[in-house]
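Chains, contacts and geometry: an overview
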Amino acid sequence: DSGVTQTPKHLITATGQRVTLRCSPRSGDLSVYWYQQSLDQGLQFLIQYYNGEERAKGNILERFSAQQFPDLHSELNLSSLELGDSALYFCASSVGVENTEAFFGQGTRLTVV
Amino acid sequence: AQKITQTQPGMFVQEKEAVTLDCTYDTSDQSYGLFWYKQPSSGEMIFLIYQGSYDEQNATEGRYSLNFQKARKSANLVISASQLGDSAMYFCAMREGVNNNDMRFGAGTRLTVKP
């Protein structure tokens with residue numbers, strides 16, 4: 001168990017809908033990262049938050065947004081969902097911004113039908 | 001341009017033998033970190049080993065070691081005494097800069113351990 005909790009584990013929704021994925025980082029970790037893993041794109045970095053502030057942005061679509069709350073949990077909001085958004089979404093956390101490893105949650109498998 | 005390159009889509013190894021998974025990286029930063037993760041069929045991402053750019057010695061963690069060749073910009077993972085449970089996808093990743101931010105991943109290598 002990495003200590004990073006993601007909910008829900010599975011999500012099935014229809015095209016055009018909006019969903020929220022939730023992540024609770026390891027105790028003491030200030031950085032949260034979101035990744036999307038799909039068969040054709042591999043593991044893609046979406047966005048990072050550090051202590052409530054957006055720190056880095058990767059290949060995140062405009063239909064997607066995220067935030068990190070004062071208690072350090074994070075949410076990834078995906079809207080106007082398309083079939084191609086079906087993927088495994090990972091949250092990871094690390095202590096800070098130095099070169100340390102990130103620990104991953106179990107992932108949320110999103111299926112858009 | 002790709003920051004992390006894993007040239008082996010798939011690898012096979014006999015149980016109890018050693019195997020090397022290749023990883024090359026591209027950065028102009030002096031400070032960076034290199035990581036390897038394992039993803040079994042169950043899907044979770046498991047951290048294996050870390051190498052800092054200023055570390056002079058190769059990192060080791062149990063049966064895992066990282067063959068760090070800075071001048072060649074390579075960070076190969078060596079798994080000794082392979083076990084059936086080592087069958088999984090393996091990802092190499094890098095974080096750049098002193099106040100580094102995102103962690104970028106390679107495409108992965110699928111390792112299959114044969115009995």
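Rules behind the numbers
Residues numbered from 1 in each chain as written. Chains lettered and ligands numbered in written order. Predicted model: local features only at pLDDT ≥ 70, side-chain atom pairs only at ≥ 80, totals over all residues. Heavy atoms only, no water. Buried < 20%, exposed > 50% of the residue type's maximum accessible area, 1.4 Å probe, protein only. Helix = DSSP H or I, 4+ residues; strand = E, 2+ residues; numbered from the N terminus. Pairing = 2+ DSSP bridges. Core = buried A, V, L, I, M, F, W, Y, C linked by side-chain atoms within 4.5 Å. Contact = heavy atoms within 4.5 Å. Axes fitted to C-alpha atoms, helices over the stretch in contact; angles between N-to-C directions. Salt bridge = Lys/Arg side-chain N within 4 Å of Asp/Glu carboxyl O. Polar contact = N/O pair within 3.5 Å; in protein donor to acceptor, adjacent residues only side chain to side chain. Nonpolar A, V, L, I, M, F, W, Y, C, P; charged D, E, K, R; others polar.

Within a regular beta strand, the side chains point alternately toward one face of the sheet and then the other, so they alternate between its two faces. Residues and elements named next belong to chain A. Counting buried residues along strand β8 (residues 74–78), 5 of its 5 residues qualify, which places the element largely inside the surrounding structure. Alternating residues of β8 divide into Ser74, Leu76 and Leu78 and Glu75 and Asn77, and every residue in both groups is buried. Strand direction decides the pairing type here: strand β7 (residues 64–68) and β8, joined by 5 bridges, are antiparallel. What sits directly across from alanine 66, in β8, is leucine 76. Two successive antiparallel strands, β7 and β8, enclose a turn made up of 5 residues, where leucine 72 displays a positive phi of approximately 80°.

We now examine the nonpolar core. Ranked by size, the top nonpolar core spans 25 residues in total, and within it Leu21, Tyr25, Trp36, Ile49, Leu77, Tyr90 and Leu111 of chain B carry the most contacts. Sorting the residues of this core by element identifies β2 (10–14), β3 (19–21), β5 (32–39), β6 (46–52), β8 (64–69), β9 (74–79), β10 (88–96) and β12 (109–114) of chain B as the ones contributing at least two each. With 4 residues, β10 of chain B is the largest single contributor of residues to this core. If we skip the residues at most four places from it in the chain, leucine 21 of chain B touches Gln8, Met11, Trp36, Asn76, Leu77, Tyr90, Thr109 and Leu111 of chain B. In terms of nonpolar packing, the next biggest core, distinct from the first, is built from 21 residues, Val32, Phe64, Ala66 and Phe103 of chain A among them.

Residues and elements named next belong to chain A. With respect to topology, 4 strands assemble into an open sheet ordered β1-β3-β8-β7, the strand pairing being antiparallel. This sheet does not close on itself; its edge strands, each paired only once, are β1 (5–7) and β7. Ignoring which end each strand starts from, the neighbouring axes of this sheet average 15° apart. Taken together, the 3 bridges between β1 and strand β3 (residues 19–24) define a ladder with antiparallel strand orientation. If you follow threonine 7 over to β3, its bridge partner there is arginine 22.

Let's shift gears to the interface of chain A and chain B. Chain A puts 23 residues into the contact, and the matching count from chain B is 22 residues. In this structure, the connection of chain A to chain B is made through 0 salt bridges. Run the count over chain A and chain B and you get 4 residue pairs in polar contact (both at pLDDT 80 or more). Of all the secondary-structure elements, those providing two or more residues to the side of chain A that touches chain B are β4 (31–38), β5 (42–50), β6 (53–57), β9 (87–94) and β10 (103–104) of chain A. Split by residue class, the side of chain A that touches chain B holds 11 nonpolar, 8 polar and 4 charged.

Fair warning: the whole summary comes from geometry, so function is off the table for now.
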